[in-house]
Amino acid sequence: MKRKPMMAGNWKMNNTISEGVVLAQQICNRFEKDWGEDVDVVLCTPFLDLKPAWTVVDFENLPIYIGAQNCYWEEAGAFTGEISVGMLKEARVTHCIIGHSERRTLFGELNEDVNKKAKALLAQKMTPIICVGESLSVRDEGTHLEYVCAQVKAAFAGIDDIDAKNCVVAYEPIWAIGTGRTATPEQAQEVCAAIRSTLAELYGQEIADGMRVLYGGSMNTGNVEGLLAMEDIDGGLIGGAALKAESFVELIKACL
Ligand code: PGA
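Residues numbered from 1 in each chain as written. Predicted model: local features only at pLDDT ≥ 70, side-chain atom pairs only at ≥ 80, totals over all residues. Heavy atoms only, no water.

Colleague: What is the right way to look at the layout of surface pockets in this model?
Modeller: If a probe as big as a water molecule is rolled over the atoms, it shows which places are left empty. Roughly 370 Å³ of internal volume is contained in the largest pocket. Lys-12, Met-13, Gln-69, Arg-103 and Phe-107 are, among the 13 residues lining the largest pocket, the residues nearest its centre. Looking at the lining of the largest pocket residue by residue, the class counts come to five nonpolar, five polar and three charged. Size it by volume and the second largest pocket reaches roughly 220 Å³. When the residues that make up the lining of the second largest pocket are grouped by side-chain class, the tally is eight nonpolar, one polar and four charged. (1 Å grid on protein atoms, 1.4 Å probe; cavity = no way out; pocket = protein on both sides within 12 Å on 5 of 7 lines; lining within 4 Å. Points joined across faces, edges and corners; volume = space filled by probe spheres on them. Nonpolar A, V, L, I, M, F, W, Y, C, P; charged D, E, K, R; others polar.)

Colleague: I keep staring at the nonpolar core and nothing clicks. Help me out?
Modeller: A general trend in soluble globular proteins is that nonpolar side chains are found buried together. Core analysis: the largest hydrophobic core is formed by 74 residues, its most contacted members being Met-7, Ile-64, Phe-156, Ile-195, Leu-199 and Tyr-215. Per element, the largest residue contribution to this core is seven residues, and it comes from helix α9 (residues 185-203). Beyond its immediate stretch of four places on either side in the chain, Ile-195 contacts Val-132, Val-148, Cys-149, Val-152, Val-169, Tyr-171 and Val-213. If you look at the next biggest cluster of nonpolar residues, it comprises eleven residues, including Ala-8, Ile-97, Cys-131 and Ala-170. (Core = buried A, V, L, I, M, F, W, Y, C linked by side-chain atoms within 4.5 Å. Buried < 20%, exposed > 50% of the residue type's maximum accessible area, 1.4 Å probe, protein only. Helix = DSSP H or I, 4+ residues; strand = E, 2+ residues; numbered from the N terminus. Contact = heavy atoms within 4.5 Å.)

All quantities given are derived from atomic positions and should not be read as evidence of function.
Take a look at the structure:
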């Protein structure tokens, strides 16, 4: 089955509101409207940049989605510093990264939290981009496939097949994030194929074949072709290379 690729830019904690507007505008200036038929493009900005970035994209009338990088699963209440899914939805956010390794390692996010966030997003018909990936020590032990597949199972616990179809999984080996050290296409393919097999175990082959599995970790204009040529890699979650319009648009073009 041919899956529609996705290129999601993860801006992380970069770009003030004014800088974010400039970057969104630079991306729009280079973007052709009909690309939206062949690739889903998502800008995952800091919370404050979400609405301004959406305003730019909406003004240009381009098929570019706006995504957040985190959310909280409760609807409202005494949760100082958190942002609910409902708040994101009203800001026209359609996608949300959850379980990024930086959230897991720096902010103590657990598999159970990722699962609750996925369910809260799905309840509002939003697309979770569920990140999984092993550390260098797990890879060196040779248990990376088991480790990543267990993360996938935990993230999808209690999610039915109708909702599962609306999820995207991003494989991001921690040792490749922001390090310039990319997984080889074969290394990335091995894990993305194992993720798809896990999804097939949970939901059946047909649903698993329709779900997108992205690769993330120092994806750039030099390595994108080789990674996208792999059977089970359906796009990218891009950090550093998403902070410049030129490189991000080149990565989008690689999906056309
Ligand atoms: P990177 O980040 O492309 O800078 O390695 C990817 C990510 O963390 O999503």
